[in-house]
Amino acid sequence: MIAAAGLDGWLLFDFHGNNPIAGGVLGLEGMVTRRIFAWIPRTGAPLAITHAIEQGPWRAWPAEWRRERYSSWRSLEAVVRSVVSGKKVAMEYSPGDAVPYVDRIPAGVLELVRACGADVVSSAELVTVFHASWSADQLASHRRAAEVIAKIAREAMSEAGRAAGAGAPITEKGLQRWIAQRLETAGLEIGHPPIVAATENAADPHYGPSDKRPREIRRGDLLLIDLWGRERNGGALGVYADQTWMGSIGAPGARAVQVWEAVRDARDAALALLRGRAGARAVVQGSEVDDAARGVITGRGFGEFFFHRTGHSIDPLELHGSGPNIDNLETREERRLLPGVGFSIEPGIYIAGEIGARSEVNVCMGDGEVVVTPAEIQRDLIVV
């Protein structure tokens, strides 16, 4: 990959964890409080540039690979210069901050490396291949988590309907706790609580229910549940699954059906584009998929109410990862969706004070195909 891009190497940099891509690639454990660089050349052995007092985190660095120690800024800059001078170097840099998820290098460090004689280009595609791609085991873990999440989402809809029908409606916060407990019991790590939003509150994409402003889920409500989780196997963690489901407490009104069908059809347009390109082994970019989904919602007259990207990267480490996003609105996402990368597809419509709806599934790109999770995606509003 480095040779194909005409690069001499990939220069990783991190300071106090400001570059999670470098952290994910290097996998260092222990105290790292000073600047680090790691040079991965097109040919030859990698080189670590480390501070003299912090050698412990590098114990797993292979003995046959080089390691340079520095203590002064002068010695650090001298080593960097000796490595990159006259070379074409990839770093986590995005011209014009077009893709902020790979724009991790501070301006001063970029100036330093260029002053050392390097031609710095973006590492965006290297990040896709070497940081954001899933292994076969990670895909299997994701698929298992996805089915658990889908089951709990449907059960949560039933619980909300049962409570409303019994005359003792559950609150959004109460249902959030109910879902979180079941995800934890199922052995999934969730990071932070799911989103539970009824009718007008669902018009806030990142709504958070609160005991201080309790909202009961009542008959006639449209209910949005956004939940996520990943497997825990001892110290190992799987890849997140992230889904949004929509239900109606009682028969839905015409407006709810209209909004839901626009969102569902936008999701399906994105999936159709992905399947078509993957089947033809043709290039597809996240921006094109965003355009496909957005075109459906705009065509239904709701374009102004779809004001976020169609989907986010899900990489092996993070729910909102550093791989390609499905986006031509918030950022200029030009990275290719290569085999192994995963992401969400989640178009939404949010009409403030009235109604909100979103449908979310996950995709992992395969070789000539796409894997969509959960196995059975939502077609109609769940009526409870």
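Structure's up top.
Described below are features of the structure shown in this document.

What counts as what
Residues numbered from 1 in each chain as written. Predicted model: local features only at pLDDT ≥ 70, side-chain atom pairs only at ≥ 80, totals over all residues. Heavy atoms only, no water. Buried < 20%, exposed > 50% of the residue type's maximum accessible area, 1.4 Å probe, protein only. Helix = DSSP H or I, 4+ residues; strand = E, 2+ residues; numbered from the N terminus. Pairing = 2+ DSSP bridges. Contact = heavy atoms within 4.5 Å. Core = buried A, V, L, I, M, F, W, Y, C linked by side-chain atoms within 4.5 Å. Salt bridge = Lys/Arg side-chain N within 4 Å of Asp/Glu carboxyl O. Axes fitted to C-alpha atoms, helices over the stretch in contact; angles between N-to-C directions.

Some points on the pairing of strand β13 (residues 342-345)
Of the two faces of β13, the one carrying Gly342 and Ser344 and the one carrying Phe343 and Ile345 are both buried. Both strand β12 (residues 313-314) and β13 contribute to a ladder of two bridges, which runs antiparallel. Looking at β13, one finds that serine 313 is bridged to phenylalanine 343. Relative to strand β16 (residues 361-365), β13 runs antiparallel, the two sharing four bridges. Its bridge partner being in β16, glycine 342 is matched across the sheet by cysteine 364.

A short note on the environment of valine 284
Considering the arrangement of structural elements, one finds valine 284 in the loop between α7 (254-279) and α8 (286-299). Its relative accessible area of 2% is what places valine 284 among the buried residues. Counting along the chain gives 51 residues from valine 284 to arginine 335, while the straight-line C-alpha distance between them is 8.6 Å. In contact with valine 284, other than residues within four places in its own chain, are Leu274, Arg277, Val289, Arg335, Arg336, Leu337 and Met365.

As for the nonpolar core
Counting residues in hydrophobic clusters, the biggest one holds 77 residues, and the most contacted among them are Leu175, Ile179, Leu274, Ile345 and Met365. If one sorts the elements of this core by residue count, helix α5 (residues 136-165) sits on top with 12 residues. If we skip the residues at most four places from it in the chain, isoleucine 179 touches Ile152, Ala156, Pro194, Val196, Ile225 and Leu227. Within the second largest apolar cluster, 23 residues are counted, among which are Phe37, Val89, Tyr93 and Cys116.

As for the pairing of strand β2 (residues 36-41)
Judged by how many residues are buried, β2 sits mostly within the fold: five of six residues are covered. Direction of pairing for strand β1 (residues 9-14) relative to β2: antiparallel, over a ladder of six bridges. Across the sheet, leucine 12 pairs through a bridge with alanine 38, a residue of β2. In terms of strand pairing, β2 meets strand β3 (residues 47-51) through three bridges, oriented antiparallel. Looking at the pairing, tryptophan 39 lines up with leucine 47 of β3. The turn joining β2 and β3, which pair antiparallel and follow one another in sequence, is formed by five residues; a positive phi near 95° is taken by glycine 44.

Some remarks on the pattern of salt bridges
One pass over the full model with this rule turns up 22 salt bridges. Residue arginine 162 is joined to glutamate 159 by a salt bridge in which the shortest nitrogen-to-oxygen separation is 2.8 Å. Taken together, the residues arginine 162 and glutamate 159, both in helix α5 and three residues apart, mark about one turn of the helix. We classify glutamate 159 as buried; its relative accessible area is 17%.

Notes on the sheet that holds β3
Spatially, β4-β3-β2-β1-β5-β6 is the arrangement adopted by the six strands of the open sheet, whose pairing is mixed. In this open sheet, the two strands that pair with only one neighbour each are β4 (66-70) and β6 (119-122). Each strand of the sheet is rotated relative to its neighbour by a mean of 25°, with strand direction disregarded. Where helix α3 (residues 107-115) meets the sheet, it contacts β1, β2, β5 (88-91) and β6, and its direction lies at approximately 135° from that of β6.

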